[in-house]
Amino acid sequence: MDIEKINMSKKFKIPASSIALYVAFAVVALIAVASLINNIIYFNNIVASYVAQGYPAVEVKKELIPAQLLPGIFEPIAVYGGIAFILLGAGFINHRFSKCLILLAEDKVCQNATKESVSEENVIEENRGATEQAETIKEVTEVTDNSK
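What you are looking at is a predicted structure, and each value in this text was computed from that prediction instead of being measured.

S.K.: Explain the packing of aromatic side chains to me, please; I cannot follow it from the model alone.
M.R.: Inspection of every chain in the model, using the stated rule, returns two aromatic pairs. Judged by centre distance (6.2 Å) and plane angle (55 degrees), the ring pair of F25 and F85 falls under tilted. Taken together, the residues span a long stretch of sequence, with F25 in helix α2 (residues 16-52) and F85 in helix α3 (residues 57-147) at a distance of 60 residues. On the basis of relative accessibility, which here comes to 23%, the residue F25 falls in the partly exposed class. Note on Y50 and Y55: the rings are 5.9 Å apart at their centroids and 75 degrees apart in plane angle, and the pair reads as edge-to-face. Residue classification places Y55 among the partly exposed positions, given a relative accessible area of 48%.

Shown next, in the form of structure tokens:
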């Protein structure tokens, strides 16, 4: 029971590989946001350019929204967002997997320590038995020597 309390009181450190995956998630998410902002600004600049040339703004937006704006929005969300969530999931899985491996390693250490202590107790018991036998033989020898 003491071992369980000790294990519960220990704080599990996040592995460096999980931290790296979380940082990569944040970087890719920022790139996705930056790409979205860039595509929206680019769309507004193109619309302003066509309007400055004399085209009606409604017609320009009607043509450019499906051809430029929507792909410019969905592509960063799909590509960068997908990569970001894969990195986040990999970091989460790595964190859990590392925690399980550490707990398994600690369990094996506890089992090995228990086996070692049991084997040491057996050796001590065997030594006691051998000592008692030697003492009994010595006593029998002394009694037989005294009776002669």
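S.K.: Mind showing me how you'd approach the nonpolar core here?
M.R.: Note on soluble globular proteins: their nonpolar side chains tend to be buried together. Counting six residues, the largest nonpolar core is built from F43, I46, V47, V60, L64 and L69. Counting only elements with at least two residues in this core, the list comes to α2 and α3. Filtering out sequence-adjacent residues up to four positions away, F43 remains in contact with K61, L64, I65, Q68 and L69.

S.K.: Help me out: how do you make sense of a nonpolar patch on the surface in this one?
M.R.: A contiguous nonpolar patch, built from I14, I19, V23, V27, I31, V79, Y80 and I83 and spanning about 630 Å² of accessible area, is present on the exposed surface. Secondary structure elements with two or more residues in the nonpolar patch: α2 and α3. It is α2 that provides the largest number of residues to the nonpolar patch, a total of four residues. Along the chain, Y80 turns up in helix α3. Judged by relative accessible area, which is 32%, Y80 ranks as partly exposed.

What counts, and where the lines are drawn
Position numbers for residues start from 1 in each chain and track the written sequence from start to end. Per-residue local features are limited, in this predicted model, to residues with pLDDT of at least 70; the limit for side-chain atom pairs, both in listing and counting, is 80 or more; totals at the level of whole chains, interfaces and linings are taken over all residues. Based on all heavy atoms of the structure, the side-chain values leave hydrogens and waters out of the count. Ring pairs are drawn from Phe, Tyr and Trp, using the six-membered ring of Trp, whenever the two centres fall within 6.5 Å, and their geometry is named by plane angle: stacked under 30 degrees, edge-to-face over 60, tilted for the rest. Helix numbering and strand numbering both begin at the N terminus, where a helix is a DSSP run of H or I of at least 4 residues and a strand a DSSP run of E of at least 2. Any residue under 20% of the maximum accessible area for its type is buried, any over 50% is exposed, and the rest in between are partly exposed; the area is computed with a 1.4 Å probe on protein chains only. In this text, buried Ala, Val, Leu, Ile, Met, Phe, Trp, Tyr and Cys residues form a nonpolar core when linked through side-chain atoms within 4.5 Å. The contact definition used throughout considers only heavy atoms, calling two residues in contact when any of these lie within 4.5 Å. Here a patch means residues that are over 30% exposed by relative accessible area and free of salt bridges, tied together within 9 Å if like-charged and within 5 Å if nonpolar (Val, Leu, Ile, Met, Phe, Trp, Tyr). Throughout, the Shrake-Rupley method with a 1.4 Å probe supplies accessible areas, and for residues the shown protein chains are the sole cover considered. Counted as salt bridges are all cases of a side-chain nitrogen of Lys or Arg within 4 Å of a carboxyl oxygen of Asp or Glu.

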